[in-house]
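# Observations on the model geometry
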Amino acid sequence: MTNSTLSPIHIIGGGLAGSEAAWQAAEAGVPVILHEMRGVRGTDAHKTDGLAELVCSNSFRSDDATSNAVGVIHAEMRLAGSLIMACADKHQVPAGGALAVDRDGFSEAVTAAIQQHPLITVTREEVTGLPPEEWDLAIIATGPLTSPALAEAIREKTGKDALAFFDAIAPIVHTDSINMDICWFQSRYDKVGPGGTGKDYINCPLDETQYNAFIDALIEGDAVGFKEWEGTPYFDGCLPIEVMAERGRETLRHGPMKPMGLTNAHNPNVKPYAVVQLRQDNALGTLYNMVGFQTKLKYGAQAEIFRMIPGLENAEFARLGGLHRNTYIHSPTLLDQSLQLKVRPGLRFAGQITGCEGYVESASIGLLAGRFAAAQRKGETISIPPATTALGSLLNHITGGHIVSDEEPGKRSFQPMNINFGLFPELEPGSIVKPEGIKRFRGKDKTIMKRQLIAARALEHCKTWLGAA
Ligand SMILES: Cc1cc2nc3c(=O)[nH]c(=O)nc-3n(C[C@H](O)[C@H](O)[C@H](O)COP(=O)(O)OP(=O)(O)OC[C@H]3O[C@@H](n4cnc5c(N)ncnc54)[C@H](O)[C@@H]3O)c2cc1C
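Residues numbered from 1 in each chain as written. Predicted model: local features only at pLDDT ≥ 70, side-chain atom pairs only at ≥ 80, totals over all residues. Heavy atoms only, no water.

## A closer look at the sheet that holds strand S1 (residues 9-12)
Taken together, the six strands give an open sheet; going across it, the order is S6-S2-S1-S7-S17-S16, and neighbouring strands pair in mixed fashion. Because the sheet does not close on itself, it has two edges, and the strands there are strand S6 (120-124) and strand S16 (340-341). Judged from the four bridges that link them, S1 and strand S2 (residues 32-36) form a sheet pairing that is parallel. Pairing of isoleucine 12 across the sheet is with histidine 35, part of S2. (Pairing = 2+ DSSP bridges. Helix = DSSP H or I, 4+ residues; strand = E, 2+ residues; numbered from the N terminus.)

Here it is, written out as structure tokens:
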């Protein structure tokens, strides 16, 4: 395994992503120098000097690899020899169908494994600028709380609109859960625009009574406050909808819910009082985001209130909205398929700073970055996981699957993303077949079967990918 004549890969940040990247590269026989600033300089959320510290919840979410996308990515990471998953499994605590861990035991196990690896050297220092040119292969995995000096250096290199310090996430809905008997496709004033057809948005109509009930629910809804160190990141055009609703009953109707230029295709003679618009979020067309609906409402309240919108009564949310302090780059325009910065080949990004979200997702992108960098160092062909796998679908979303909106200032349409089934390509037509002996095969049964088939395909394709890698 060892081949220490190779020059090292430098990894900045020893969180979930950086630790996994270091492990994968070292296991591939490539030396690693891991630069972690904690011990010298802290962050606003971390409390220890341990590698892979979990800053909040101790849950890695669902461990069901048969019908849950998070469980599928767990399984794929285990297949790929993930250190994060091995330590999580070893330090598991009871949590029903979820994988939850003893956070201290978990972080101590990751730290020990990294420190004891013969090919990994850990240095405790803050990296305050872009990696020097002599670090020809490097990975930046400094997470949502990247230190200010490094963030500034990244911003200088990528351009001011390409690095965000806060996210402003509008909820994203699985397209097949939208009721098209109520909603219709239309762009405002039927505008065709670049790459459009005049029917680019899904529109949900509200009458006056429905609108007023919706506004009341928003105002009364339970919201999450900002932590003191986060500040209050309200910037132009990006107010949470509940804050807009509080500013005046009509504010939303003159803002993101304005009905102008839209005619209800199901009922052309009745002008909607307000309209919620959803815009395609991924190239596959399986996900649509609720335009202008960034929110700090609690998740439970969001699901309940947004299902009051006609057409979204059975909406399945791929992700709910949020607004947090979060440093991340505009990956779809900046990175190539192997996570390299296009303007500086050899420099990769990994983890939450790439625009994925969550412990597991961050570690999974670290896993890929570590493998890609190691392959490059060894002169091997970089093997990209197919988009039908959970690893590949998330990578694909970050590096190209997400649709970049030309209309929005600062290209804010790219928002952090969890792994979910909406990121996977559709099954071959005819894959979903009513099982024999079952009388009623309803929409819900079809959704469950679809997820099971996508999960099984993902694991099969992941095994093939790893065999070939
Ligand atoms: C307050 C908060 C709560 C969260 N809660 C959850 C949750 O409950 N569940 C969940 O799944 N996700 C949660 N997240 C998201 C979570 O942070 C990420 O999912 C995950 O930790 C990201 O992994 P990462 O490796 O990209 O970044 P991190 O785990 O944050 O690791 C980045 C590392 O880089 C180091 N670093 C930063 N700058 C430098 C520098 N210049 N030089 C050297 N080292 C540097 C940091 O010290 C840190 O160790 C939360 C995030 C925050 C900020």
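## Some details on the site of the ligand
In the vicinity of the ligand, 32 residues are found, and the nearest of them are Ala17, Glu36, Ser147, Gln352 and Gly358. The side chain of arginine 38 places a nitrogen or oxygen atom 2.9 Å from an oxygen atom of the ligand. The backbone of glycine 358 places a nitrogen or oxygen atom 3.0 Å from an oxygen atom of the ligand. When contributions to the shell around the ligand are tallied by element, the ones reaching two or more residues are helix H1 (16-27), S2 and helix H10 (359-377). (Near = heavy atom within 4 Å. Polar contact = N/O pair within 3.5 Å; in protein donor to acceptor, adjacent residues only side chain to side chain.)

## Focus: helix H4 (residues 103-116)
For H4, spanning 14 residues, the distance from its first C-alpha to its last is 20 Å, which sits close to the expected 20 Å at 1.5 Å a residue. Regarding H4, the residues found buried are Gly105, Phe106, Ser107, Ala109, Val110, Thr111, Ala113 and Ile114. Contacts made by the buried residues of H4 are with H1, S2, strand S3 (59-62), helix H3 (83-90), strand S5 (98-101) and S6. Two or three places before aspartate 104, at the opening of H4, aspartate 102 has a side-chain oxygen 3.0 Å from that residue's backbone nitrogen. (Expected span 1.5 Å × (residues − 1). Buried < 20%, exposed > 50% of the residue type's maximum accessible area, 1.4 Å probe, protein only. Contact = heavy atoms within 4.5 Å.)

## A look at the sheet that holds S5
In space, the three strands of this open sheet follow the order S3-S5-S4, with antiparallel pairing throughout. In the strand order of this sheet, the two ends are held by S3 and strand S4 (92-93), each with one partner. In this sheet, S5 lies alongside S3 in antiparallel orientation, the contact comprising two bridges. The residue of S5 that forms the bridge with serine 59 is alanine 100.

## Here we look at the packing of H3 against H4
Running from N to C, H3 and H4 point in directions that differ by 135°, and their axes come no closer than 9 Å. Relative to H4, H3 is oriented oblique. Crossing handedness for the pair H3 and H4: right-handed. Contacts between H3 and H4 involve Leu83, Ile84, Cys87 and Ala88 from the former and Phe106, Ala109, Val110, Ala113 and Ile114 from the latter. (Axes fitted to C-alpha atoms, helices over the stretch in contact; angles between N-to-C directions. Parallel < 35°, antiparallel > 145°, perpendicular 65-115°, else oblique. Left-handed = near helix turned anticlockwise from the far one by under 90°.)

## Observations concerning the packing of H1 against H10
Viewed as axis vectors pointing N to C, H1 and H10 meet at an angle of 35°, and their least axial separation amounts to 7 Å. Once H1 is placed against H10, the crossing between them reads as right-handed. Taken together, the residues of H10 that come into contact with H1 (itself represented by Leu16, Ala17, Glu20, Ala21, Gln24 and Ala25) are Tyr359, Ser362, Ala363, Gly366, Leu367, Gly370, Arg371 and Ala374. Residues belonging to the contact of H1 with H10 are distributed by class as follows: eight nonpolar, four polar and two charged. (Nonpolar A, V, L, I, M, F, W, Y, C, P; charged D, E, K, R; others polar.)

## A short note on the environment of aspartate 102
Inspection of the secondary structure assignment puts aspartate 102 in the loop between S5 and H4. Exposure remark for aspartate 102: the relative accessible area of 37% places this residue in the partly exposed category. Residues aspartate 102 and alanine 69 lie 33 residues apart in sequence; the distance between their C-alpha atoms is 23 Å. Excluding residues that lie within four positions of it along the chain, aspartate 102 makes contacts with His91 and Val93.

## Here we look at the pattern of salt bridges
This model, assessed by the stated rule, comprises 15 salt bridges. In this structure, lysine 378 engages glutamate 380 in a salt bridge whose closest nitrogen and oxygen atoms are separated by 3.7 Å. In the salt-bridge network here, residues are joined through shared partners; they are Glu36, Arg38 and Glu53. (Salt bridge = Lys/Arg side-chain N within 4 Å of Asp/Glu carboxyl O.)

## Comments concerning the state of the cysteines
Under the defined criterion, the tally for this structure stands at zero disulfides. The structure places no disulfide on cysteine 56, whose sulfur is separated from the nearest cysteine sulfur, that of cysteine 356, by 17 Å. Here cysteine 87 is not disulfide-linked; the sulfur of cysteine 356 is the nearest cysteine sulfur, at 19 Å. The buried category is assigned to cysteine 87, whose relative accessible area is 6%. (Disulfide = S-S within 2.5 Å.)

## As for helix H8 (residues 299-306)
All of the buried residues in H8 are Ala301, Gln302, Ala303, Ile305 and Phe306. In this structure, the buried side of H8 is in contact with helix H6 (208-220), helix H7 (241-247), strand S13 (287-290) and strand S14 (317-319).

## Focus on the nonpolar core
In this structure, Phe60, Phe106, Val110, Ile114, Ile139, Leu368 and Ile419 are the most contacted members of the largest nonpolar core, which totals 92 residues. Tallying contributions element by element places H10 first for this core, with ten residues. Shared between two domains, this core holds at least three residues of each, these being domain 1 (3-162 + 329-400) and domain 2 (168-325). Phenylalanine 106 has contacts with Leu16, Ala52, Leu54, Phe60, Ile84, Cys87, Ala88, His91 and Val101, leaving out every residue within four places of it along the chain. (Core = buried A, V, L, I, M, F, W, Y, C linked by side-chain atoms within 4.5 Å. Domains from an automatic or database assignment.)

## Focus: the domain arrangement of the protein
Splitting the protein by domain gives domain 1 (3-162 + 329-400) and domain 2 (168-325). Computed from C-alpha atoms alone, the centre-to-centre distance between domain 1 and domain 2 is 33 Å. Taken together, the contact pairs five residues of domain 1 with seven residues of domain 2. One salt bridge connects arginine 325 with aspartate 44, and the closest N-O pair in it is separated by 3.6 Å. Counting the contacts that link domain 1 with domain 2 gives zero residue pairs in polar contact (both at pLDDT 80 or more). Classifying every residue of the side of domain 1 that touches domain 2 by side-chain character gives two nonpolar, one polar and two charged.

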